[in-house]
Amino acid sequence: MSYGSEGCKLYVGNLGYDTNNDTLSQAFSQFGAVQEASVATDRETGSSRGFGFVTYGTPQEAQAAMDNLNNTQLDGRTIRVNLSQPRERAAGGGGFGGGSGGGGGASEGNKLFIGNLGWNTTTDDLHAAFGQYGQVQDAIVMTDRETGSSRGFGFVTYATADSAQAAIRALDGTDFGGRNIRVNISEPRQRY
């Protein structure tokens, strides 16, 4: 099947910490053949990071699952289900070296830098707060490689630059987790 995973891979957020790959696969299998279901885990502790990914064979199956499972209960938590966007820059696993690279001009103006985050803010918190202003393709709180603790900033990428601007207008300078956050367009950083 030469679909690649374009439109077939879903991001599943706000997972309970006991939700595992099998639970995820079972919950999503009613909408098509699940090719892969994985809960993201912490490299050091092996415990769930509260989100995961489900991949189907066709975009239609993924869309059906998204339509039917977004904002429903799984293991006592209200999960969020969105289309997952390819993230070439994450392939190395390290920092954010290549920056926005591979996407060409498509990502112009739709990636936000969020600064002054509280130390307890999670990627899921970002996804939830910023998801109110448009389709979030990617959200991440940057963490220290050794300790796993937040570095106090993160990034949110929207499907459109309009959504990014709406989020800046609504959230820049507001209180988020007890800190006044800074929200602005992320500039590509060639020097890395």
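The structure this text deals with has already been given above.
Given the structure is predicted, the values throughout are model-derived calculations rather than measurements.

Procedures and definitions
- Residues numbered from 1 in each chain as written.
- Predicted model: local features only at pLDDT ≥ 70, side-chain atom pairs only at ≥ 80, totals over all residues.
- Heavy atoms only, no water.
- Helix = DSSP H or I, 4+ residues; strand = E, 2+ residues; numbered from the N terminus.
- Buried < 20%, exposed > 50% of the residue type's maximum accessible area, 1.4 Å probe, protein only.
- Contact = heavy atoms within 4.5 Å.
- Areas by Shrake-Rupley, 256 points an atom, 1.4 Å probe, with all protein chains shown as cover.
- Arc of directions from axis to C-beta.
- Salt bridge = Lys/Arg side-chain N within 4 Å of Asp/Glu carboxyl O.

**Student:** So what's going on with the overall build of the protein chain? Which residues, and what values?
**Tutor:** Helix and strand content of the protein chain: four helices and 12 strands. Looking at the protein chain as a whole, 40% of its 192 residues qualify as buried. Restricting the contact set of the protein chain to residue pairs at least 6 apart, pairs at least 24 apart contribute 65%. For the protein chain, the exposed area adds up to about 10,300 Å²; of that, 45% sits on carbon and sulfur atoms.

**Student:** Summarise helix 2 (residues 59–69); cite the residues concerned and give the values.
**Tutor:** The complete set of buried residues in helix 2 reads Glu-61, Ala-62, Ala-65, Met-66 and Leu-69. Summarising the axial view, the buried residues of helix 2 lie within an arc of 135°, below the 170-degree limit, and thus occupy one face. Exposed and oriented more than 90 degrees from the buried face of helix 2 are Gln-60 and Asp-67. Taken together, the buried residues of helix 2 touch strand 1 (9–13), helix 1 (21–28), strand 3 (48–56) and strand 6 (80–83). Looking one or two residues beyond helix 2, the residue adopting positive phi is Asn-71, at roughly 65°.

**Student:** With reference to specific residues and values, describe unusual backbone geometry.
**Tutor:** A positive phi angle, near 65°, is found at Asn-14, a position not held by glycine. Among the secondary structure elements, Asn-14 is positioned in the loop between strand 1 and helix 1. Of note in this structure, Asn-71 is not a glycine but carries a positive phi near 65°. Using a relative accessible area of 53% as the deciding quantity, one classes Asn-71 as exposed.

**Student:** I'd like to hear about the pattern of salt bridges, residue by residue, with values.
**Tutor:** Throughout the structure, instances matching the rule amount to one salt bridge. Here Arg-80 makes a salt bridge to Asp-124, at a shortest N to O gap of 3.4 Å. Placement of the pair is Arg-80 in strand 6 and Asp-124 in helix 3 (residues 123–130), with a sequence separation of 44 residues. Accessibility assignment for this pair places Arg-80 and Asp-124 in one class, buried.

Take it as geometry only, folks, not as evidence of what the structure does.
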